[in-house]
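Understanding the architecture of this molecule
One letter stands for each residue in the lines below.
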2 protein chains.
Amino acid sequence: MATAIIKNRKQQIHHTAKNLFRERGYAATSMRHIAGELGIEAASLYSHIKSKEEILQLICFELAEQFLKSSEELQRKKLPAKELFKQAVTEHIRIITQNMDSSVVFLHEWRHLSEPFLSDFKLMRKRYENFYKNILKAGAEEKKFQIRDEKLTLFVIFSAMNGIYEWFTPNGKLQPEEIAEQMVEVFLNGILKN
Amino acid sequence: MATAIIKNRKQQIHHTAKNLFRERGYAATSMRHIAGELGIEAASLYSHIKSKEEILQLICFELAEQFLKSSEELQRKKLPAKELFKQAVTEHIRIITQNMDSSVVFLHEWRHLSEPFLSDFKLMRKRYENFYKNILKAGAEEKKFQIRDEKLTLFVIFSAMNGIYEWFTPNGKLQPEEIAEQMVEVFLNGILKN
DNA sequence: CATCCTAACTAACGGTCGTTAGGCAAATAT
DNA sequence: ATATTTGCCTAACGACCGTTAGTTAGGATG
């Protein structure tokens, strides 16, 4: 089937783009570069995609939707704060480790989106941040969490989770589940012996 | 004095470049852009600087040296691990918050350095990481820290500290000293009430 | 077999990139 | 007063950018 070939090529292009955008950044990656990796001419890419930015949009919003979807599913479970927190961190880390290239692009290259996509993206990110903020709030209300500054705590957690791409290797000894478990342990109890 | 004017202009260029490199990224910032901010032509920049990359080099290595210098001074103090850890985090956060633009460039744009600068830079970063790794090691040997995976713990801490630029506002209610204090508290004891 | 469609090609577009050369007016030094 | 230096200018270089137009070979479809 013809459409299947197209879809495959389109997927190949997206895959290559994710990789190059991650490695060199969106602005420093040219269409000729992407095409070269696939052994075709830059102009040929336009049989499959609309523009360079369209690729970026797809990467950013695909991941944003994954994060939001997982947060909505977790919210429906009506778990106590501590358990919700554990599962949320685990889910977040699962998504990141399963989409390493996309994640880095998602985290750092979204600023090259043009309007209205840029605003939409920021809004989705804010929604997701609020999901975590509410977990912290709930934990504090349940007298389970002790939080001095909510924003600081929130971003300590996000930064630690989102920084995973800096050191994670898919075939290393630490697998996503264990990373999540250990990270939760650090967030909840710290590194001090008692 | 003529050299004073040059130095000032050079500093202005560096200052503007730091700001634009942070805001738009190195690759997406053009010399014409930097010049435009200063009200001159792009070609005129070359009376003061050698190349675009030279600016990036200066930003990256200036900060790398600050981090290393502060780590060497702390090491000379021969403090117990927990106290050393506190002071190291405080110093790191001080440097970041005092150099917000440079920090973001330092953290994300170094990959656009060409050789041999790229390798030199990575080496300096590794040295600094080892300083922190040794603090964790020392804390574990003193039976003060409980660390499951050293690399994971190390990068949780680094990511949290380096992510400060995502949310810090110089005139907000949280000042660097207090951020450091609260972050140390989270790292050491976590957010769980006991 | 004739027709259509796909995925690639070549050629080229207007534009921007970092950088160099050469000149010129004002400031500084002698 | 003269000579030198400075800080900018204009013009231009070759290279590369994202993208469009038009074409063509070859496979799928009738």
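Throughout this description, residue numbers start from 1 for each chain and increase along the sequence as written. Whichever chain is written first is A, and whichever ligand is written first is 1; the rest continue in order. Reporting of local features is limited, given that this is a predicted model, to residues whose pLDDT is at least 70; pairs of side-chain atoms are given and counted only at 80 or more, and all residues count toward the totals for whole chains, interfaces and linings. Derived side-chain values reflect all non-hydrogen atoms in the structure, with water molecules and hydrogen atoms excluded from consideration.

1. Things to note about empty space enclosed by the protein
Residues and elements named next belong to chain A. Within this scheme a cavity is a closed region of a 1 Å grid, computed over the protein atoms alone, that accommodates a 1.4 Å probe without allowing it to escape, whereas a pocket is open but has protein on both sides within 12 Å along at least five of seven lines; lining residues each have an atom within 4 Å of a point. Grid points are joined across faces, edges and corners, and a volume is the space filled by probe spheres set on the points. As enumerated under the stated definition, the model contains two cavities of 30 Å³ or more in all. Within this model, the largest cavity holds a volume of roughly 50 Å³. What lines the largest cavity is Ala64, Phe67, Leu68, Phe106, Phe121, Met124, Arg125 and Tyr128. Strands are runs of DSSP state E lasting at least two residues, helices are runs of H or I lasting at least four, and both sets are numbered from the N terminus onward. Mapped by element, the contributors of at least two residues to the lining of the largest cavity are helix H3 (52–75) and helix H6 (117–141). The element best represented in the lining of the largest cavity is H6, accounting for four residues.

2. Section: the domain arrangement of chain A
Residues and elements named next belong to chain A. All domain edges in this entry derive from an automatic or database-based domain assignment. According to the domain assignment, chain A contains domain 1 (1–49) and domain 2 (53–191). Computed from C-alpha coordinates alone, the two centres of domain 1 and domain 2 are separated by 28 Å. In this description, contact between two residues means that some pair of their heavy atoms is separated by no more than 4.5 Å. Counting residues at the interface gives 11 residues for domain 1 and 15 residues for domain 2. In this description, buried area is defined as the sum, over both parts, of the accessible area (probe of 1.4 Å) that is lost when the two are combined. With both sides pooled, the region where domain 1 packs onto domain 2 buries about 1,200 Å², and carbon together with sulfur makes up 65% of that total.

3. Some thoughts on the environment of arginine 9 of chain A
All names here are of chain A. By secondary structure assignment, the location of arginine 9 is in helix H1 (residues 2–24). Accessibility expressed as a relative area gives 23% for arginine 9, which makes it partly exposed. As for arginine 9 and glutamine 98, which are separated by 89 residues in sequence, their C-alpha atoms are 21 Å apart. Other than its neighbours up to four places away in sequence, arginine 9 contacts Leu38, Ile40 and His48. We call two N or O atoms a polar contact when they sit within 3.5 Å, provided that within protein one can donate a hydrogen and the other can accept it, with sequence-adjacent residues counted only if both atoms are side-chain atoms. At 2.5 Å, the side chain of arginine 9 forms a polar contact with the side chain of glutamine 12. Note on classification: 1.4 Å probe, protein chains only; a residue is buried when its accessible area is under 20% of the maximum for its type, exposed when over 50%, partly exposed between these limits.

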